Amino acid sequence: MCREKIDSLLRPLVKKAIKLEPRADDEASVASCESKFGGTPYAEVGDSWPSCPTCKKELTFVNQIHDELEQHLFVFYYCNECSPWGLGDEQKGQWEVKLYNEPKTERIAEIGRNSHDEYSPTPCKVTASFVDVHPDWEGLDSASRELSDLCCKINDDSPWEEYEEAVERAGCLNDYATLLGGYPRFVQSESIPTCPKCNTDMKFYAQVDSEDEANIMWGDVGLVYFFRCSEHKNEFKMELQCH
Ligand SMILES: [Zn+2]
Ligand SMILES: [Zn+2]
């Protein structure tokens, strides 16, 4: 009886996300408008390869995500020398997100690095698929109090196990993955940054997992999370979490 109630409370929380699975492919080496890891990033006239203000080295191009809903391309660079965690006191520019509206092949301008990048990911094409995702146990907010209370009632010692079972029953993705949209699946505790311009909570945008295929490892099998202001759409914050 309780479990049926749990299932019905979970159902409205489920969201669609796009799961992005990298597969090594030399064709991903060249610049394109597609989602991909490594190789040459999408860039337009006037762009140059970004450098880190702290160590002065060129950043690593990690990946780009074609957001079909918003018709833009999200391009992510990161400094592997300084390995920023995305905390407030780090010098700005140790990581960078560039957002391109309506990316087009004919607008591509090749940008190149001056130096060899020992951290460059293996070029990968990406397969995108829709998945159902749920908030993680810690991400259940006060509006889901009834759901967490019920899980506690059934399993007082480890209520999250009851919750995870409900997630399995709902057929939701129950693992770490590179995702666009949906909910963040935190390795450590929940953390939602605020927009520096308007001070409101930012919205989860995407997470990039440690991906063997692309030869990307965030700390000890961690992830990076991106948050975006719904008002100031070019304001992103990044956070790296690992075990
Ligand atoms: Zn650096
Ligand atoms: Zn804002």
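Remember, it's a predicted structure, so these values are computed and weren't measured experimentally.

Draft legend 1. Summary view of helix 3 (residues 159-169). Considered for burial, the residues of helix 3 that qualify are Pro159, Glu162, Tyr163, Ala166 and Val167. Summarising the axial view, the buried residues of helix 3 lie within an arc of 145°, below the 170-degree limit, and thus occupy one face. Here the buried face of helix 3 lies against helix 1 (2-10) and helix 2 (145-154). Looking one or two places after helix 3, you find Gly171, whose phi comes out positive at around 70°.

Draft legend 2. Summary view of the side chain of Lys36. Within the secondary structure layout, Lys36 lies in strand 2 (residues 36-37). Despite its burial, Lys36 pairs with no opposite charge; the closest candidate is Glu110, at 8.4 Å N-O.

Draft legend 3. Just the coordination of the zinc ion (ligand 1), in detail. Surrounding the zinc ion (ligand 1) are the protein donor atoms Cys52 (SG), Cys55 (SG), Cys79 (SG) and Cys82 (SG), which sit 2.2 to 2.4 Å from the metal. Geometry at the zinc ion (ligand 1) is tetrahedral, judged from its four donor atoms and the angles of 99 to 114° they form at the metal. Mapping the donors of the zinc ion (ligand 1) onto the primary sequence gives the spacing C-x2-C-x23-C-x2-C. Of this pair, Cys55 sits in the loop between strand 2 and strand 3 (60-67) while Cys82 is found in the loop between strand 4 (72-78) and strand 5 (95-101), placing the two residues 27 residues apart along the sequence.

The rules behind these values
- Residues numbered from 1 in each chain as written.
- Chains lettered and ligands numbered in written order.
- Predicted model: local features only at pLDDT ≥ 70, side-chain atom pairs only at ≥ 80, totals over all residues.
- Heavy atoms only, no water.
- Buried < 20%, exposed > 50% of the residue type's maximum accessible area, 1.4 Å probe, protein only.
- Helix = DSSP H or I, 4+ residues; strand = E, 2+ residues; numbered from the N terminus.
- Arc of directions from axis to C-beta.
- Contact = heavy atoms within 4.5 Å.
- Lys, Arg positive; Asp, Glu negative; His and termini not counted.
- Salt bridge = Lys/Arg side-chain N within 4 Å of Asp/Glu carboxyl O.
- Donors = N, O, S within 2.8 Å, 3.2 Å for Na, K, Ca; no water.
- Tetrahedral: all angles 85-135°; square planar, octahedral: opposite > 155°, others 65-115°.

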